[in-house]
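The residues making up each chain are set out below.
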Amino acid sequence: MERIFNTRFLIVSLCTVFFISLVTLISSLFPIERWPLDRFSLNHGNETWTTYYSHENNGTFTVDNDDGGGMTAEAAEDLVHVETAPTKASEWKPKQFDNPELNIISAIERNIRKEKKDKILLTAVANSGMSEYALNWIASLERTGQDHHFLVFAIDSELTTILQKAGYGDHVVTIPDTWFHKALSSEFSKWLQGGYTPITHAKTLVVERLLYMDVTVWFSDIDLVFVSDAIYSYLLQKLNARGSKTETLFTQETEQRIVNSGFYLMRPTNTNKRILADTIMIQDNEPKVTQQRAINRVLDDMDLSYQTSSVALLELSLFPHGRLYFERNIPKRYGFDPMIVHANYRVGDQKKEALKKADLWFI
C-alpha cells in the first residue's frame with residue numbers, strides 16, 4: 001500500500017513540475033504586454049496631487065496627494081469618456097461659410113507664406129488674460145526669425161489693443177462674435193476650469209474657418225516658445241516628405257498614443273475639415289470635453305498606419321511638452337536642442353515660472 005502511495009506521489013510531483021515548466025515556457029514565448037504607469041503632477045490649491053495612469057486597470061487614473069490619500073480621477077483630460085460618435089467619412093458633408101470681413105482677409109494675406117502647394121499661416125488664438133504669454137510667444141518668434149508672418153486671433157478687443165500698442169497691429173485681428181458658439185471669458189483660464197474648454201473650442205472654430213479659406217494652418221498655443229531658427233524649414237520638409245499624402249502634422253502628448261492639439265499643421269483637405277467638424281460637434285454636445293480630447297476621439301476611428309495615414313506625428317523629443325522638457329530634461333539629456341518648448345502640465349503662473357527658470361521668458 002505504501003509503495004502505491006509513493007508511486008502516485010511521484011507521478012503527481014512530476015506532472016506538477018512538467019505543468020509549471022510548460023507554463024513558464026509559454027509565458028517566455030508569448031509574454032503579456034504590461035504598460036508602465038504614466039506619472040505626472042497637478043497642483044490644486046495648496047495641495048500637490050501625483051497622477052498615475054494605469055493602462056492595465058481599464059485606463060484609470062489613480063491620484064495621490066502628498067498626504068498619501070488616494071482616489072480615482074475619471075476627469076483627466078485625455079481619458080474623459082466621449083459619448084458623441086464621430087461622423088463616418090461617407091456621410092460627412094462640407095460646411096458653407098459666408099465670406100469673412102475684409103480686415104480679416106487683409107490680415108491673412110499680409111501674413112501668408114506661399115509655398116508650392118500651400119498657403120501657410122502661423123496663427124494663435126488668445127484672450128487678454130493671456131496677453132503676457134502672447135507677447136512672450138511673439139518674442140520667441142522674433143528670436144527665431146518667424147516674426148514676419150504670423151497672425152494672432154484675439155478673442156476680445158482688449159488683446160487686440162494690447163498687441164497694437166506693442167507694435168504688432170499688422171499681426172492681430174479680433175475674432176467676430178458670429179464665429180463663436182458660446183460666450184467666452186477674457187480672463188486667464190486654468191486647465192479644466194470653467195472657461196478653459198470654451199477657449200479650446202474657439203481655437204478649433206478659427207482653424208476650421210481658415211481651412212475653408214484654402215489656408216494651410218500652422219497652429220500654436222501661446223504657452224509655448226519657439227527655440228529653433230530651423231523650425232519652419234524643418235516642418236515644411238516634414239510636411240512634403242511623402243508628397244501630398246501627409247495632410248496633418250501633430251505634436252504628441254504620449255509617444256504614439258495621444259496627440260497634442262497645442263501645435264500642429266493642417267492642410268485644407270476634406271479629411272481635416274471633417275476632423276475639426278467632428279471635434280466641434282463633440283464639444284458642442286459635451287461642453288466638459290476639451291479640444292484635445294475631442295480630436296483624439298475623432299482620430300481613434302481613423303486609419304493611423306504610418307504607411308497609409310494622412311496624419312503624421314512630430315518627434316516628441318524635438319517638440320516636447322512641459323513634463324518631458326522641464327522634469328525629464330529631454331531632449332538636452334541626449335545632446336540636441338528642441339524646436340519648441342511647451343509649458344503645459346503647469347497651471348496658472350507655474351507656466352511663467354517654468355519658462356523663466358529655463359531662460360525662456362523673453363519679456
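Conventions we followed
- Residues numbered from 1 in each chain as written.
- Predicted model: local features only at pLDDT ≥ 70, side-chain atom pairs only at ≥ 80, totals over all residues.
- Heavy atoms only, no water.
- Buried < 20%, exposed > 50% of the residue type's maximum accessible area, 1.4 Å probe, protein only.
- Helix = DSSP H or I, 4+ residues; strand = E, 2+ residues; numbered from the N terminus.
- Pairing = 2+ DSSP bridges.
- Right-handed = clockwise from strand over helix to strand, strands pointing away.
- Contact = heavy atoms within 4.5 Å.
- Salt bridge = Lys/Arg side-chain N within 4 Å of Asp/Glu carboxyl O.

Draft legend 1. Quick look at the pairing of strand β6 (residues 119-126). Among the eight residues of β6, seven are classified as buried, and the element is accordingly described as predominantly covered. Where strand β5 (residues 113-114) folds back onto β6 in an antiparallel hairpin, the turn is made up of four residues. Pairing of β6 with strand β9 (residues 216-220), which is carried by four bridges, proceeds in the parallel orientation. By the bridge assignment, L121 is partnered in β9 with V217. Alignment of β6 against strand β7 (residues 151-154), held across four bridges, turns out to be parallel. Bridged to A124 within β7 is V152. Tracing the backbone out of β6, into helix α3 (residues 131-143) and back to the parallel element β7 gives a crossover that is right-handed.

Draft legend 2. Geometry of the side chain of S310. For S310, the location among the structural elements is in the loop between α8 (291-300) and β13 (311-313). Aside from chain neighbours lying at most four places away, what touches S310 is R242, K245, T246, E247, T248 and T271.

Draft legend 3. Representation of unusual backbone geometry within the structure. A cis amide bond links I330 to the next residue, P331, at an omega of 15°. The phi torsion at N329 lies on the positive side, around 60°, for a residue other than glycine. For N329, the location among the structural elements is in the loop between α9 (322-327) and β14 (340-342). Residue classification places N329 among the partly exposed residues on the basis of a relative accessible area of 42%.

Draft legend 4. Expanded view of the pattern of salt bridges. Applying the stated criterion across every chain yields a total of nine salt bridges. As a salt-bridge pair, K95 and E208 come within 2.8 Å of each other at their nearest N and O atoms. Taken together, the residues K95 in the loop between β4 (70-72) and α2 (102-111) and E208 in helix α5 (residues 196-211) connect sequence positions 113 residues apart. A salt bridge links D223 to K351; the shortest N-O distance between them is 2.7 Å. Taken together, the positions of D223 in the loop between β9 and β10 (224-226) and K351 in helix α10 (residues 350-357) put the pair 128 residues apart, joining distant regions of the chain.

Draft legend 5. Representation of the pairing of β9 in the model. Most of β9 is tucked away: five of the five residues are buried. Residues T216, W218 and S220 of β9 are buried on one face, and the alternating residues V217 and F219, pointing to the opposite face, are buried as well. The pairing of β9 with strand β12 (residues 258-266) spans four bridges and is classified as antiparallel. When the bridges of β12 are listed, V217 appears paired with M266.

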